[in-house]
Amino acid sequence: QVQLVESGGGLVQAGGALRLSCAASGRTFSDYTMGWFRQAPGKEREFVARINWSGGYTYYADSVKGRFTISRHNALNTVYLLMNSLKPEDTAVYYCAAALDYYARMESYEHWGQGTQVTVSS
């Protein structure tokens, strides 16, 4: 079992930046692909980014490509999401999640955090 706790959300103006963190405990963190997802009010949860166990492979949603960077520090059991050039449409609850398969679909991620709110004002 893996427990995930997100932090770093908050209120920021458009064009600003935030760095989200997700701290993991429990089973070996480096076994897992880690993903970030988000859910805006009234919308479905959507994929944002993922990173494989070593950090050598990453993949981003088109909507955040070039603005967001996912990274991980396995010795600290933490995955990060650096968000630059934030837009009001990035406003959402952001979740980190863990999967054993790098190509797992969202519904196949085994472990989820409780989420952290990101609000971008215009």
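Quantities reported herein were computed from a predicted structural model and do not represent experimental measurements. (Residues numbered from 1 in each chain as written. Predicted model: local features only at pLDDT ≥ 70, side-chain atom pairs only at ≥ 80, totals over all residues. Heavy atoms only, no water.)

A. Region of interest: the overall build of the protein chain. Summing up its helical and strand segments, the protein chain has zero helices and eleven strands in all. Element order for the protein chain, N to C, with α for helix and β for strand: β-β-β-β-β-β-β-β-β-β-β. In terms of overall dimensions, the protein chain is globule-like: its C-alpha atoms have a radius of gyration of 13 Å, near the 14 Å expected for 122 residues. Projecting the C-alpha coordinates of the protein chain onto the three principal axes gives extents of approximately 40 × 30 × 25 Å. (Helix = DSSP H or I, 4+ residues; strand = E, 2+ residues; numbered from the N terminus. Rg over C-alpha atoms; globule rule 2.2 N^0.38 Å.)

B. Expanded view of the environment of asparagine 52. Structurally, the position occupied by asparagine 52 is in the loop between β5 (46-51) and β6 (58-60). Classification of asparagine 52 as buried rests on a relative accessible area of 8%. As a C-alpha pair, asparagine 52 and serine 85 span 33 residues in sequence and 25 Å in three-dimensional space. Excluding anything up to four places from it in sequence, asparagine 52 contacts Tyr32, Thr33, Tyr57, Arg72 and Tyr102. Within the local environment of asparagine 52, its side chain forms a polar contact with the backbone nitrogen of tyrosine 57, the two atoms lying 2.9 Å apart. (Buried < 20%, exposed > 50% of the residue type's maximum accessible area, 1.4 Å probe, protein only. Contact = heavy atoms within 4.5 Å. Polar contact = N/O pair within 3.5 Å; in protein donor to acceptor, adjacent residues only side chain to side chain.)

C. Looking closely at the environment of leucine 20. Here leucine 20 is to be found in strand β3 (residues 18-26). Residues in contact with leucine 20, not counting those within four places in the same chain, are Ser7, Gly8, Gly9, Trp36, Val79, Tyr80, Leu81, Met83, Tyr94, Thr116 and Val118.

D. Here's a closer look at the nonpolar core. By size, the foremost hydrophobic cluster in this structure holds 29 residues, and its most contacted members are Met34, Trp36, Leu81, Met83 and Tyr94. Breaking this core down by element, the ones donating at least two residues are β1 (2-7), β3, β4 (33-39), β5, β7 (68-73), β8 (78-83), β9 (92-99) and β11 (116-121). In this structure, tyrosine 94 is in contact with Glu6, Leu20, Trp36, Phe37, Arg38, Val48, Phe68, Leu81, Met83, Gly115, Thr116 and Val118, ignoring residues within four places of it in sequence. Counting residues in each nonpolar core, the second largest holds five residues, with Ala97, Ala99, Ala104 and Tyr109 among its members. (Core = buried A, V, L, I, M, F, W, Y, C linked by side-chain atoms within 4.5 Å.)

E. Structural view of the pairing of β5. In terms of strand pairing, β4 meets β5 through five bridges, oriented antiparallel. By the bridge assignment, glycine 35 is partnered in β5 with arginine 50. Hairpin connection from β4 to β5: six residues lie between these consecutive antiparallel strands, with glycine 42 at a positive phi of about 75°. Bridge count between β5 and β6: three bridges; the pairing is antiparallel. Its bridge partner being in β6, isoleucine 51 is matched across the sheet by threonine 58. (Pairing = 2+ DSSP bridges.)

F. A look at the side chain of glutamate 6. Structurally, glutamate 6 is set in strand β1. Look at glutamate 6: it is buried, it has no salt bridge, and the nearest opposite charge is arginine 45 at 7.6 Å. For glutamate 6, the side chain forms a polar contact with the main-chain nitrogen of glutamine 114, separated by 3.0 Å. Among all residues touching glutamate 6, those that are not within four sequence positions of it are Ser21, Cys22, Trp36, Tyr94, Tyr95, Cys96, Gly113, Gln114, Gly115 and Thr116. (Lys, Arg positive; Asp, Glu negative; His and termini not counted. Salt bridge = Lys/Arg side-chain N within 4 Å of Asp/Glu carboxyl O.)

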